[in-house]
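Spelled out, the chains give:
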Amino acid sequence: MSTIFERTDGLTDKQFHYCPGCTHGVIHRLVGEVLVELGVLGKAVGVAPVGCSVLAYDYFNCDMHEAAHGRAPAVATGIKRVLPDNVVFTYQGDGDLASIGTAEIIHAAHRGEKFTTIFVNNAIYGMTGGQMAPTTLIGQKATTAPYGRDAATTGMPLRMSEMLATIDGAVFVERVTVHNVAGIRKAKKAIKKAFEVQIAGLGFGIVEILSTCPTNWGITPVESLKWLEENMLPYYPLGNFRTPEEGK
Amino acid sequence: MAKRRGRVIFQEDRCKGCELCTTVCPVDIVKMNKSKINVKGYHPATVDEMEKCIACANCATICPDVVIKIETIEE
């Protein structure tokens, strides 16, 4: 008899506060597992955002720092520059990274800061109660878009990975999903690659992870997986946008 | 080659009853235990026909609350 799957040491024993079926938990686990597998948990420093994952510092079993809304890349820049041998990552949602923190993430990528960003895109503001985010899909209902998002007044949903991939300093950019088991396994590989890029000192890496928000989407967790597949995947195509030459 | 068998162990009180694990089981043995309510107030996931488990770990992979541990049984 052997154990093939159990809770990783990369997570603390604390229970997640996330709503039932929220895939934040899956992404937390993947990050924790990758830190353990790369043997860098002891020198990892995470930066938690504002949003649903604001309490991420309670869940990762490594040093953590909290940042003001959207400013995780700025805080991570400081930490990485002072502690260049440590492995630094930010964990941010789409309201944090793609809205109030757009300037910070773009300039951190532009400067080629050598940390890793885990970007969780669930197309809505979760913690504050389901307001429209820059990543909300056209026609998707939100509390601030009760008739669905209208491109004429609010523009099209922002594709952060494609945008960041145009910046030279962002050497690793990939979009993955966690709505099915195959997707989760690929997501883990991408997260691992992003951390390896940092450890090799090659530059800034970001993994955008499509995630669900059953509570604010107003559907069940199981329906949410299907909704993500049918609505988010066509607009947010999966795949790698940038990989360093050495890593290919 | 011996058929791989597994055992699924749930930390029931951590389960939030989201049912994601029930959708990914290839042998369809992960069910919600409607006769039980856990400390959080949800019907926890469970497996009745453990002998059918093939230890694929799909349920544990998709569980957002890391409720599930998987062991393999050598025959």
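Basis of the calculations
Residues numbered from 1 in each chain as written. Chains lettered and ligands numbered in written order. Predicted model: local features only at pLDDT ≥ 70, side-chain atom pairs only at ≥ 80, totals over all residues. Heavy atoms only, no water. Contact = heavy atoms within 4.5 Å. Buried area = accessible area lost by both parts, 1.4 Å probe. Salt bridge = Lys/Arg side-chain N within 4 Å of Asp/Glu carboxyl O. Polar contact = N/O pair within 3.5 Å; in protein donor to acceptor, adjacent residues only side chain to side chain. Helix = DSSP H or I, 4+ residues; strand = E, 2+ residues; numbered from the N terminus. Nonpolar A, V, L, I, M, F, W, Y, C, P; charged D, E, K, R; others polar. Pairing = 2+ DSSP bridges.

The name an unreviewed UniProt entry gives chain B is 4Fe-4S dicluster domain-containing protein, with Alkaliphilus serpentinus as the organism.

An unreviewed UniProt entry annotates chain A as 2-oxoglutarate oxidoreductase originating from Alkaliphilus serpentinus.

Draft legend 1. Structural view of the interface of chain A and chain B. Counting residues at the interface gives 29 residues for chain A, matched by 29 residues for chain B. Carbon and sulfur atoms supply 59% of the area buried between chain A and chain B, which totals about 2,400 Å² over both sides. Among the residues of chain A in contact with chain B, Met1, Ile4 and Phe5 of chain A are the three that bury the most area, contributing 25% of the side total. Our count for the chain A to chain B interface comes out at one salt bridge. In this structure, Asp13 of chain A and Arg14 of chain B form a salt bridge, with 3.3 Å as the shortest nitrogen-oxygen distance. Our count for the chain A to chain B interface comes out at 10 residue pairs in polar contact (both at pLDDT 80 or more). For the side of chain A that touches chain B, the elements supplying multiple residues, two or more each, are strand E1 (2-5), helix H1 (24-37), helix H7 (181-199) and helix H9 (221-235) of chain A. Of the residues forming the side of chain A that touches chain B, the biggest block, four residues, is contributed by E1 of chain A. Among the residues making up the side of chain A that touches chain B, the classes are represented as 15 nonpolar, eight polar and six charged. Bridge count for E1 of chain A against strand E4 (residues 68-73) of chain B is three bridges, and the pairing is antiparallel.

Draft legend 2. Up close: the side chain of Thr46 of chain B. Examined against the element boundaries, Thr46 of chain B turns out to sit in strand E3 (residues 45-47). Residue contacts for Thr46 of chain B: discarding those within four places in its chain leaves Phe10, Glu12, Ile29, Val30, Lys31, Met32 and Asn33 of chain B.

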